[in-house]
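If you want the building blocks of each chain, they are given just below.
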Amino acid sequence: MFVLKCHLVAEIACNHDGDFGKAIRMVRESRLAGAHWVKVQYYRLETLGVTDPYLVRRLQECAFSLIEIRGLKEVAESEGLDFICTAMGDVETLMDYVRFVEPRLLKVREADGRKGDFVRAAVDTGVPGLISFDPTKGHWRVPTESWRSLYCLPRYPPSEDDLDFFHLKHFDGFSSHFPNLRIPSWAWAFAKATGKEEFWLEIHVREDKDNDCLDYSVSLSLSDFGRVASLVNEDTA
């Protein structure tokens, strides 16, 4: 069986290191690698509850303004890509993002998906969205019909021993935090085998020679992402 439609998302996250030129380059490289969507993150550091000095410094370095986020959206669309941004941390951050960037799709990370006020605010915008769920916590019901659920193990990186693709049949997609080709390829194979009509596959990406980006431990090189994209795009051509 073949999935009729796959949405392949290159999750740049903070792997641009706060360099807007690098972010633009990664958007374009993602398109060349075969992505359908690109995704970044918007946050205010004080809302994230991060205390580790190293992470505080790196997150400060990687933070983009709303003007920069909107600029990346425009670059992505000029490249023929759809754009997603995870606005995270608190409701005010989310609403500022929605008002300024005017997205056509939202993404709620797993940690914010456990906050009732955050999810309600996201749904009340009227914008459809994706929400990540940790299947080990036993809850993965989307808040409304216009939203889609992603299977996600939100560790950096998770253990393959925690994977249970039996649960994947309950989800609309898979958000990979694994730094290898094997796991997202298996997720795609499972989606095909179960005859899903639509599937979202989100994969963290980094530039090929970048070994010092913030999310290196959960990211594929863009070359390896391109190999997964070739499988997906060949199957859905």
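Every chain is numbered independently, its residues counted from 1 as its sequence is written. Confidence filtering applies because this is a predicted model: local features only for residues at pLDDT of at least 70, side-chain atom pairs given and counted only at 80 or more, and all residues used for totals across whole chains, interfaces and linings. Hydrogen atoms and water are omitted, and side-chain values are computed over all heavy atoms in the structure.

Let us look at the packing of aromatic side chains. For this analysis, a ring pair means two rings from Phe, Tyr or Trp (six-membered ring only for Trp) whose centres lie within 6.5 Å, classed as stacked if their planes differ by under 30 degrees, edge-to-face if by over 60, and tilted for the remaining angles. Counted under the stated rule, the structure contains nine aromatic pairs. For the pair W37 and W200, a centre-to-centre distance of 5.2 Å together with 55° between the ring planes defines the contact as tilted. Here W37, found in strand β2 (residues 37-43), pairs with W200, found in strand β8 (residues 198-206); they are 163 residues apart in sequence, far enough to count as distant. Between buried and exposed lies partly exposed: a residue is buried under 20% and exposed over 50% of the maximum accessible area for its type, with that area taken using a 1.4 Å probe on protein chains only. When its relative accessible area of 5% is taken as the criterion, W37 is described as buried. Taking the relative accessible area as the measure of exposure, W200 reaches 6% and is therefore buried. Centre to centre, the rings of Y151 and F174 are 5.5 Å apart; their planes meet at 35°, and the pair counts as tilted. One end of the pair, Y151, is in strand β6 (residues 147-152); the other, F174, is in strand β7 (residues 173-176), with 23 residues separating them in the sequence. Note on accessibility: Y151 and F174 belong to one class, buried. In textbook terms, an aromatic cluster arises when at least three aromatic residues are bridged by ring pairs, as seen for W140, Y151, F165, F171, F174 and F190. Over the face of the ring belonging to F100 we find R70, whose NZ or CZ atom lies 4.0 Å from the ring centre. The way it works is that DSSP assigns letters per residue, a run of H or I at least four long becomes a helix, a run of E at least two long becomes a strand, and they are numbered from the N terminus. Here, a charge over a ring means that NZ of Lys or CZ of Arg falls within 6 Å of the ring centre while also lying within 35 degrees of the ring normal.

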